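Observations on chain architecture
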Amino acid sequence: AGLTTYFHPGINLKKVHLDSINLFNKLEEETGQDVGFHKPGSIRLATTPARVDEIRYQMSRQGWNKAPQWMITPDEIKELCPVINLDSVLAGLYNPNDGHIDPYSLTQALAIGARQHGAEIYVNTPVTNLKQRSDNRWEVHTDQGTLVAKHIINAAGFYGRHIGKMVGLDLPLVAIHHQYCVTGSIPEFKNFKREIPVMRDLEGSYYFRQEKDALVVGPYEGPHKMLVCEDWYDQGVPPNFGKELFESDIDRIVDHLNVAMNRFPAFANADIQRVISGPITFAPENLPIIGPTPRLKNYWNAVGFGYGIIHSGGAGRYLADWIIDGEPPYDLMETDAARFDTWTTRDYLFTKVRESYGLNNLIMYPKEERVAGRPTSRLSGLYSRLSECGAVNGFRTGWEVPNWFCLPGDRAGYEPSYTRTNWFGPVGRECNFILNKAGLFDLSSYGKATVKGKDAAKFISTVFANALSEVGHVNVSHLITPKGRVYGEYEVSRLEENHFFLTCGAAPEKHHLRWLIQNSEGYDVEIQNVTEEWNCLGIAGPKARQILSKATGGSHFSEASFPNLTCQMVSINGIEVGAVAISYTGQTGWELYVSPKDVEALHDHLLEVGGESGIGHVGGYALGNLRVQAGIRGFGAEFTINNNPIEAGLERYIDFNKDFIGKDAVLKAKNSSASRQLVYLNVDTFNVEPEGNESIWLKDSVVGYTTSGGFNYESKKGIAFAYLPPDLCKEGTEVEIDLVGRKYKAQIVADPLR
C-alpha cells in the first residue's frame, strides 16, 4: 500500500524513516519523475487507557527527535477525518508529514537518479551464482554473462535467502501473505478539500487510507489466521515470480473489515472491488537485516524489510555511508545480521514471524517480552536450576537470561506496565543482596572470544584504546572507529603474553567480533568465538570474598591473593574455574567461567556455602539498576557509535601514550568544544522510573535526553544518565524529565565514579 510514516516504536529506526521521507520529498525535483508522494499525515487511534499511555510514552521520547509528532484530541481527529465514528476514541498520535507513495513511480525515480550518477541497471538478468576472488572482489554470474564488483549488496527482497545461500549464508527470512482491499468510489470523498490522514486503528489491527475517491484498507490478521510461505522457504521462490500476486482470501480478514466498517461507516457502504494479496519478507522479529557479515569481505545485506517501502531511502543511505566510510553512520545494531546464529531454526523463524506480524499492533511496553519460539537451543547449564529457583527470564540473542526471581509471595510472570509493576519489589530485594550481602547471577550469555598468536599483544594494543594489561590482569577497553566514535566495549583478560580472553554483553557478541576480524588483517593472530564453550556465574557483594574463600577452603580469594582487576585459574570444590575479579555493580565481585557441564554444581556449592551469609539470586534488572547506581557507563546506552568517548566520560579508559585506531579523532574531540556531555541525575519520581531515551526539559525547551535509568532503593530516588549541553552540566542544575506524559524534577549530582 506504499505507506510512509515517521513513527517507529524504536528510537534508532526513526532515523531510517526520516531519511526516507526526506529523500521522497526531493526525488521529483532531482529526477523529473513524479513519485506520487501524498502527505496527508497519519493518526494512530487510542481507544483504551493503556493505548493513551502508549502515546504518552512515545511522546516522552519525541522531544529530542527531529520529525514532528504530537498527541491530538477526538475533536481534532474528527476535523482531520470527518468520516470517522468516534465511539471509544480517546486520543490520537498525529504525524503531519506521513502519508503514502506509489512504489512503482518511486522505483522508476530511483533508477533515473542512479543512471544520472553513472549506474548501469540490467533488467531481466537473474543472478545464478556469486564467487569471491582472491582480491576480494566478487564475480556476479548471470544468465547474460559475468560482472565483477568490489562490493555486492543482497537487496533481493523475497529472493534474499536464495542469494544468501550462494555465499554460504542461511538468512532467517520468510515471506508472508499480506492482504488489503480497495473499494469503489465513495461519495463523501468527492467533496473533501484535502485528503484524510492515513488512519491506524490499533485495536482493530488495520490501516485505512484514501486512494483518490476510494479507500484502501489493510488488516493484519492474527497468528492463527495468517499465511506463511513455508513452501518458499523449503523449496525456494517459484522461478520467475516477480509482480505476481497470491490468490486472495477475504475470509481471513473479514473480522478486521467488520471493525473498520463500524469505525468508518463510509467503508460499510462502499463496494469492495479488489482484494490484493502479495508477499512481504520478514525476519523473525520484523526488523530488517542490514550490514556486513563476519568473515565475508565486501558482502552486505539489505533484506527483511517487513515495514515496507518506508525503509528504502534510509536503509540505502545508511548502507552507502557505511560502505564508503568504513564504519556505520549511526547506531542501528538491532538490524545487524550478526544478531542471528544457528539457534535461529526454521521452527523458530516461522513461530516468531507469526507472532511479529500477527501481533503487529500490540501495545509496546517497556521491557517487553514476547514468548514465541522460546526457549531456543541456546541455554546455559543453569537454565533448569534457576527456573526451579523462580527465574523470570528475558531473551538475549537466543539466550534465556533471568530478569528477576519470583519468590513465594511475589506475583509471577511478565506484567506489562508503563509504571512500576510486579518486579519492582523483587528487584529491590535483589539489589539489597548485592549491596549488603552477596548475589549470585548467571552471565553465561556474555559474548566470549579468544585472541592469540605471535602478534596478539600488538593487535590488542592497536585495536583497543586502553593500555595493554600485564599478564594475569584485566581491564575494560573500547573499540574506537577511525572517526573517533565508540564501536564497542570488551573486558580484556590477559592470560598469557600473547593470549587474551575477551568478553562483552550478549547483544554485541558477533557485532564486536566482526570488528576484530575486520581489523586483524596483517597480524599473525587467531580469533575465535568461544561463547558456547563457557558458562559464567557471577557473584558480587560485601560478603562475596568471604564466601569464595570458604568455598575454596583457603586464602585464594583474599585481597592480597586475588585483587580487583586480576584473573587466575582456581579450583572450587574440585571444579576448574577461570576467575576474573571484576563487577559492574559497584561492589566487589567475580565472574567465574566454567564448562557448561560444571556450572550447575558450582552454583549449588556456592549457594550452599553462602547460605549463612544471606546469599541470594539476582537477575538482570537488578544488575542493570546497580550499574546505573554505581555510575558505570553501559554500551548501547551511554555510548554507542553515535558517541565519542570524551563526551561519554570514558577518558579514564584511554591511553593516549600509545597508538590505537581512532586516536587522532579522539584527540581532536578532546581538544574541541563538546556539544553535549554525559551527566548523572537524581530524579523525584513517583511510581515510574526513567529507563532511557526520555526527553529532558528546561522551562519550555527540550535540552537533552536520558540514556538509562532506574531507582536507588537506598535513597528512594530515581536515577539516570543523560546528555545535556555543556553549559547546563553543573552540579545542582535542575531540569525536568518527561515520563509517560508527566514532567518530574531532576537535579545534576556528582558522578558516582569520580
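Think of each chain on its own: its residues are numbered from 1, step by step along the sequence as written. At least 70 in pLDDT is required for a residue's local features to be given in this predicted model, at least 80 for side-chain atom pairs to be given and counted, and no such filter applies to totals for whole chains, interfaces and linings, which use all residues. Derived side-chain values reflect all non-hydrogen atoms in the structure, with water molecules and hydrogen atoms excluded from consideration.

Helix and strand content of the protein chain: 18 helices and 35 strands. C-alpha atoms define the radius of gyration, and 2.2 Å times the number of residues to the power 0.38 defines the globule rule. Relative to the compact-globule value of 27 Å for 754 residues, the protein chain shows a C-alpha radius of gyration of 27 Å, a close match. Seen through its C-alpha atoms, the protein chain measures out along the principal axes to roughly 85 × 65 × 50 Å. For every residue, the accessible area obtained with a 1.4 Å probe (protein chains only) is divided by the maximum for its type, and the residue is called buried under 20%, exposed over 50%, and partly exposed between those limits. Here the protein chain holds 754 residues, and the buried ones make up 56% of them. Pairs at least 24 apart in sequence give 70% of the contacts found in the protein chain among residues at least 6 apart. For every accessible area listed, the method is Shrake-Rupley and the probe measures 1.4 Å; residues are considered covered only by the protein chains on display. Summed over its atoms, the accessible surface of the protein chain is roughly 31400 Å², and 49% of this surface lies on carbon and sulfur atoms. Secondary structure elements follow DSSP: runs of H or I of four or more residues count as helices, runs of E of two or more count as strands, with numbering from the N terminus. Note on contacts: a residue pair qualifies if any of its non-hydrogen atoms lie within 4.5 Å across the two residues.

Here we come to the pattern of salt bridges. Think of it this way: side chains of opposite charge can pair up when their charged atoms draw near. Any Lys or Arg side-chain nitrogen located within 4 Å of an Asp or Glu carboxyl oxygen qualifies as a salt bridge. Inspection of the entire model under this criterion finds 47 salt bridges. Between R51 and E203 there is a salt bridge whose closest N-O contact spans 2.9 Å. On the criterion of sequence distance, the pair formed by R51 in helix α2 (residues 49-60) and E203 in the loop between β11 (198-201) and β12 (206-211) is long-range, its members being 152 residues apart. The buried category is assigned to R51, whose relative accessible area is 2%. Notably, a salt bridge pairs E691 with R61, separated by 2.6 Å at the nearest N-O pair. Note that E691 is positioned in the loop between β30 (677-683) and β31 (695-698) and R61 in the loop between α2 and β3 (70-72), a separation of 630 residues in sequence.

Among the secondary structure elements, L362 is positioned in the loop between α10 (346-358) and α11 (383-388). For L362, a relative accessible area of 39% translates into the label partly exposed. Residues L362 and W138, 224 residues apart in the sequence, show an inter-C-alpha distance of 43 Å.

This paragraph deals with the state of the cysteines. For the purposes of this analysis, a disulfide is any pair of cysteine sulfur atoms at a distance within 2.5 Å. Under the definition given, this model contains zero disulfides. No disulfide involves C389; its nearest neighbouring cysteine sulfur is the one of C406, lying 12 Å away.

Among buried residues, those of type Ala, Val, Leu, Ile, Met, Phe, Trp, Tyr and Cys that are joined through side-chain atoms within 4.5 Å constitute a nonpolar core. W404, V427, I434, F441 and V618 are the most contacted members of the largest nonpolar core, which totals 29 residues. Top element by residues in this core is helix α12 (residues 424-436). It accounts for five residues. Apart from residues no more than four positions distant in its own chain, V427 is found in contact with W404, Y621, A622 and Y713. If you look at the next biggest cluster of nonpolar residues, it comprises 28 residues, including F405, A544, L548 and A581.

Moving on to the pairing of strand β27 (residues 575-580). Burial of β27 is extensive: five of the six residues sit out of reach of the surface. As paired strands, strand β26 (residues 567-572) and β27 are joined by six bridges and run antiparallel to one another. Within the sheet, the bridge partner assigned to I572 lies in β27 and is I575. Note: two strands are recorded as paired if DSSP finds a minimum of 2 bridges between them. Linking β26 back to β27 in an antiparallel pair, the connection comprises two residues, with N573 at a positive phi of about 55°.

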